[in-house]
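Residue-level listing of the chains:
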Amino acid sequence: MAGIAPNSSTVTQQEAAGGARNGTDTSALVIVTVLFFMWGLITSLNDVLIPHLKSIYTLTYVQAMLVQFCFFGAYFIVSLPAGALIRRIGYQKGAVTGLLIAAGGCALFYPASFGGYGLFLFAFFVLASGITILQVAANPYVTVLGPARTASSRLTLTQAFNSLGTTIGPAIGGLLILSAVGATAAAAANAATVRGPYLGLAGALALLAVLFYAARLPQITGSEDVALRGEGHGSAWAHRHLVLGAIGIFLYVGAEVSIGSFLINFLGEAHIAGLSHADAAHYVSIYWGGAMVGRFAGFAVMRVASPGKTLAFNSLMAIALVLAAVFGKGSVAMWAILAVGLCNSIMFPTIFSMALNGLGKYTGQGSGILCMAIVGGALVPLKQGALADSIGVQASFLLPAACYAFIFYFGAKYSAMYSAQ
């Protein structure tokens, strides 16, 4: 593939196929997993910044959810151009480019602290554009770094480290951003609390870009490159399970992001926990930490259990917990909504792998469609924001419950599609 760094090792079509049959390329998997960790940490910081910016600029819930709209909207806008970029310069340089763009987005938070809410939204979009390029490259890359039958298990493992990042992110944000907020300080002074953390992230991402450029990663060529391009007659859209899987990704990401976005405000409700924003941020880490624990467990479980049945079970439990949070109060409601994170654990990698199953030469096209479906993280929180403004934060969680209902349907319908072996 043109554009790969000169010091990269090359995996030919035959060698890649042999690796998929005989074992996993562990060193490459470890390196790519670092990317999953970083974008998890960055994504979960949004859950801290949303209530922070809402209070600074006196926003409605809908206006505050524009953070997620701009962040996850980038997935929809940038996914297809990202695929074209990766075809042109290769997986490795594509990841480096994504890291540099994400670093630039983090750096934009510095002028945004002077320029107002609109510039913050632009910074979120640029940051997410870089992460989108990483997603488009890394998710299908993981699926071909080992046997096809354990693709769900392998992607679940890397997603577990993504969840490690999402677990650490809110705690860092609560400590460095929310704890520095002054109750009577001017908006500009409170906005300035984001400068240090995001400049630090910009430096870390830039350093990662240098390290990834120098790393010896395998180049995937031949049939995998054709899969990325989606060449040939026909279309991935002809596969019903891919279309339903794209809807599932849309609703899952929307539900997961929406719950995380509202957690701090939900836990601040007097009849729930009455927590300050800084204290509630620590509980957001518990929500994302549940996903981390569940993904490590799911890595083992789905090597022997049907991915579809596991997905259906987890989504059914998520529905029950969200309903307990909607109709309960106090610690019952609080811990019920936090426990949804555990149920979320295996959903994204399982839906992703099931949707791509059997697509053959359309795998790359299908991957692009699924990455575009991540736009659910932009639209579902916006809709829940409208509900929160009209019927209250607690009742608005009925929307994520409805999202999980479709995921239950998808898991149950395709539970026999394939089994881990």
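In what follows, the structure referred to is the one given above.
These numbers were taken from a predicted model, which means no experiment stands behind them.

Conventions used here
Residues numbered from 1 in each chain as written. Predicted model: local features only at pLDDT ≥ 70, side-chain atom pairs only at ≥ 80, totals over all residues. Heavy atoms only, no water. Helix = DSSP H or I, 4+ residues; strand = E, 2+ residues; numbered from the N terminus. Polar contact = N/O pair within 3.5 Å; in protein donor to acceptor, adjacent residues only side chain to side chain. Contact = heavy atoms within 4.5 Å. Axes fitted to C-alpha atoms, helices over the stretch in contact; angles between N-to-C directions. Parallel < 35°, antiparallel > 145°, perpendicular 65-115°, else oblique. Left-handed = near helix turned anticlockwise from the far one by under 90°. Nonpolar A, V, L, I, M, F, W, Y, C, P; charged D, E, K, R; others polar. Buried < 20%, exposed > 50% of the residue type's maximum accessible area, 1.4 Å probe, protein only. Phe/Tyr/Trp six-rings, centres within 6.5 Å; stacked < 30°, edge-to-face > 60°. Lys NZ or Arg CZ within 6 Å of the ring centre and 35° of its normal. Core = buried A, V, L, I, M, F, W, Y, C linked by side-chain atoms within 4.5 Å. Patch = residues over 30% accessible without salt bridge, like charges linked within 9 Å, V, L, I, M, F, W, Y side chains within 5 Å. Areas by Shrake-Rupley, 256 points an atom, 1.4 Å probe, with all protein chains shown as cover. Salt bridge = Lys/Arg side-chain N within 4 Å of Asp/Glu carboxyl O.

**Points about the side chain of Gln394**
Within the secondary structure, Gln394 is located in helix α19 (residues 393–396). A polar contact is formed between the side chain of Gln394 and the backbone oxygen of Val326, at a distance of 3.1 Å. With sequence-adjacent residues up to four places away left out, Gln394 is seen in contact with Phe266, His271, Ile272, Ala325, Val326, Phe327, Gly328 and Ala333.

**Examining the packing of helix α16 (residues 347–356) against helix α20 (residues 398–413)**
The N-to-C vectors of α16 and α20 enclose an angle of 45 degrees; their axes lie 12 Å apart at closest approach. The orientation of α16 with respect to α20, classified from their angle, is oblique. Remark: the crossing between α16 and α20 carries left-handed chirality. Residues Met347, Ile351 and Met354 of α16 pack against Tyr404, Ile407 and Phe410 of α20. The residue inventory of the contact of α16 with α20, partitioned by class, reads six nonpolar, no polar and no charged.

**Details of the side chain of Thr33**
Here Thr33 lies in helix α2 (residues 26–57). Its relative accessible area of 11% is what places Thr33 among the buried residues.

**Some words on the packing of aromatic side chains**
Counting across every chain of the model gives 18 aromatic pairs. Each ring, one from Phe266 and one from Phe397, has its centre 5.1 Å from the other, and the planes form 70 degrees; the classification is edge-to-face. Taken together, the positions of Phe266 in helix α12 (residues 240–267) and Phe397 in the loop between α19 and α20 put the pair 131 residues apart, joining distant regions of the chain. By the burial criterion, Phe266 is buried, and Phe397 matches it. In textbook terms, an aromatic cluster arises when at least three aromatic residues are bridged by ring pairs, as seen for Tyr57, Phe109, Tyr117, Phe120, Phe124 and Tyr198. Over the ring of Tyr61 we find Lys54, and its NZ or CZ is 4.5 Å from the ring centre.

**What about unusual backbone geometry?**
The phi dihedral of Thr58 is positive, around 50 degrees, even though this residue is not glycine. One can find Thr58 in the loop between α2 and α3 (61–64). On the basis of relative accessible area, Thr58 is assigned to the exposed category, the value being 69%.

**Comments concerning the nonpolar core**
Grouped together as the largest cluster of nonpolar side chains are 127 residues, with contacts concentrated most on Tyr198, Ile337 and Tyr404. For this core, the element with the highest residue contribution is α12, accounting for 15 residues. Setting aside its immediate chain neighbours within four residues, Ile337 contacts Ile259, Leu263, Phe266, Tyr287, Val322, Ala325 and Phe397.

**A closer look at the packing of α12 against helix α18 (residues 376–391)**
Following both chains from N to C, one finds α12 and α18 inclined at 50 degrees, their axes separated by 7 Å at the closest point. One element, α12, and the other, α18, form an angle in the oblique class. The interaxial crossing formed by α12 with α18 has right-handed handedness. Between α12 and α18, the contacting residues are Phe250, Val253, Gly254, Ala255, Val257, Ser258 and Phe262 on the first element and Gly376, Gly377, Leu379, Val380, Pro381, Gln384, Gly385 and Ala388 on the second. Its residues assigned to classes, the contact of α12 with α18 comprises nine nonpolar, six polar and no charged.

**A short note on a nonpolar patch on the surface**
Together, Ile168, Ile172, Leu175 and Leu176 give the surface a local cluster of nonpolar side chains, amounting to about 330 Å² of exposed area. Take Leu176: it is sitting in helix α8 (residues 151–176). Residue classification places Leu176 among the partly exposed positions, given a relative accessible area of 41%.

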